[in-house]
Amino acid sequence: MQSDKKDEVDPLANIDFNAPKARKRSLEDLAKVLDAELIEKEWFVTGKVNPIYFDDNFQFQDPDVKLTGIEEYARGVLKLFDQSTSRAQIISSVVNTTIPDTITVTWRLSGDVNIGPGLPIKPYICYTDFTVDNESGLITFQEDRFDVPGWDILLSALFPFLIGKITKAAAPEVEPRVVEMPKAAVSGEGGIFDGLIKFFGA
């Protein structure tokens, strides 16, 4: 029996999509901040983004989808992925050395998608390129790339017995990582509390 949609709690209700934006920081620092937040929140599948890092005109693109707005993106991934099984395990978040003003996140996607009765996802590697505006320091564009073609993903979901035979083998498990949020990124974004922390040498 399906639950009454009116009675469901909005998992994104606590996110302020109009929150003030984060102050500009170096690409290296932003990569570290994103790494810590993504490991904690796995927002590539949960939708639990932190809007302070995203431009108001943020755009997203992958091989199948294009959309505008960080809230639309967040609600899109929340709706697509089964929240009880899906994982976005972050492997690395680094400044891209070949594409200017870009941070690339490498991660492993697994779980189920809410298509029809539900489809299992063969674990595979994704590459997310965040384009960062040089003046504002905010993310203006996100493009997701995959290490397997679309036909492989679909065939593996429909006919899992073909995985590793006709389709590519599942991506190996990812070693858990513990990453601390850089001190400069603690709440306050450079406000009075950040100043006190620096003053007392914390």
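Okay, so let's go over this structure.

The rules we used
Residues numbered from 1 in each chain as written. Predicted model: local features only at pLDDT ≥ 70, side-chain atom pairs only at ≥ 80, totals over all residues. Heavy atoms only, no water. Pairing = 2+ DSSP bridges. Helix = DSSP H or I, 4+ residues; strand = E, 2+ residues; numbered from the N terminus. Patch = residues over 30% accessible without salt bridge, like charges linked within 9 Å, V, L, I, M, F, W, Y side chains within 5 Å. Areas by Shrake-Rupley, 256 points an atom, 1.4 Å probe, with all protein chains shown as cover. Salt bridge = Lys/Arg side-chain N within 4 Å of Asp/Glu carboxyl O. Axes fitted to C-alpha atoms, helices over the stretch in contact; angles between N-to-C directions. Contact = heavy atoms within 4.5 Å. Buried < 20%, exposed > 50% of the residue type's maximum accessible area, 1.4 Å probe, protein only. Arc of directions from axis to C-beta. Polar contact = N/O pair within 3.5 Å; in protein donor to acceptor, adjacent residues only side chain to side chain.

**Digging into the pairing of strand S6 (residues 139-146)**
Then, in step 1: Bridging between strand S1 (residues 54-61) and S6 involves four bridges; their strand directions are parallel. Its bridge partner lying in S6, Phe54 is registered against Ile139.
Then, in step 2: With seven bridges connecting them, strand S5 (residues 119-132) and S6 associate as antiparallel partners. By the bridge assignment, Cys126 is partnered in S6 with Phe146.
Then, in step 3: Counting the residues in the hairpin turn of S5 and S6 gives six residues, including Gly137, whose phi is positive at 75 degrees.

**Looking at a nonpolar patch on the surface**
Then, in step 1: Taken together, the side chains of Leu154, Leu158, Phe159 and Phe161 define a hydrophobic patch exposed on the protein surface, amounting to about 410 Å² of accessible area.
Then, in step 2: With respect to the element layout, Leu154 can be found in helix H4 (residues 150-158).

**Quick notes on the sheet that holds S6**
Then, in step 1: Taken in spatial order, the six strands make up an open sheet running S2-S1-S6-S5-S4-S3, and their pairing is mixed. In this open sheet, the two edge strands, each paired with only one partner strand, are strand S2 (66-68) and strand S3 (87-95). Strand-to-strand twist across the sheet, computed as the mean angle between neighbouring axes with direction ignored, equals 20 degrees.
Then, in step 2: Taken strand by strand, helix H3 (residues 70-80) contacts S1, S2, strand S4 (102-113) and S6, and its axis lies near 40 degrees from that of S1.
Then, in step 3: Strands S5 and S6 of the sheet are contacted by H4, whose axis makes an angle of about 155 degrees with S5.

**A few points about H3**
Then, in step 1: Among the residues making up H3, those that are buried are Ile70, Tyr73, Ala74, Val77 and Leu78. Viewed end-on, H3 has its buried residues packed into an arc of 130 degrees, placing them on one side of the element.
Then, in step 2: In this structure, the buried side of H3 is in contact with helix H2 (43-46), S1, S2 and S6.

**What to know about the side chain of Thr46**
Then, in step 1: Position of Thr46 among the secondary structure elements: in helix H2.
Then, in step 2: Note on Thr46: relative accessible area 13%, which makes it buried.
Then, in step 3: Separated by 2.8 Å, the side chain of Thr46 and the backbone oxygen of Lys41 make a polar contact.
Then, in step 4: Here Thr46 is in contact with Leu12, Lys41, Val77, Leu78 and Gln83, once residues within four sequence places are set aside.

**Things to note about the side chain of Asp152**
Then, in step 1: Within the secondary structure, Asp152 sits in helix H4.
Then, in step 2: A distance of 2.9 Å separates a polar atom in the side chain of Asp152 from the backbone nitrogen of Lys168.

These values are about where atoms sit, not about what they do.
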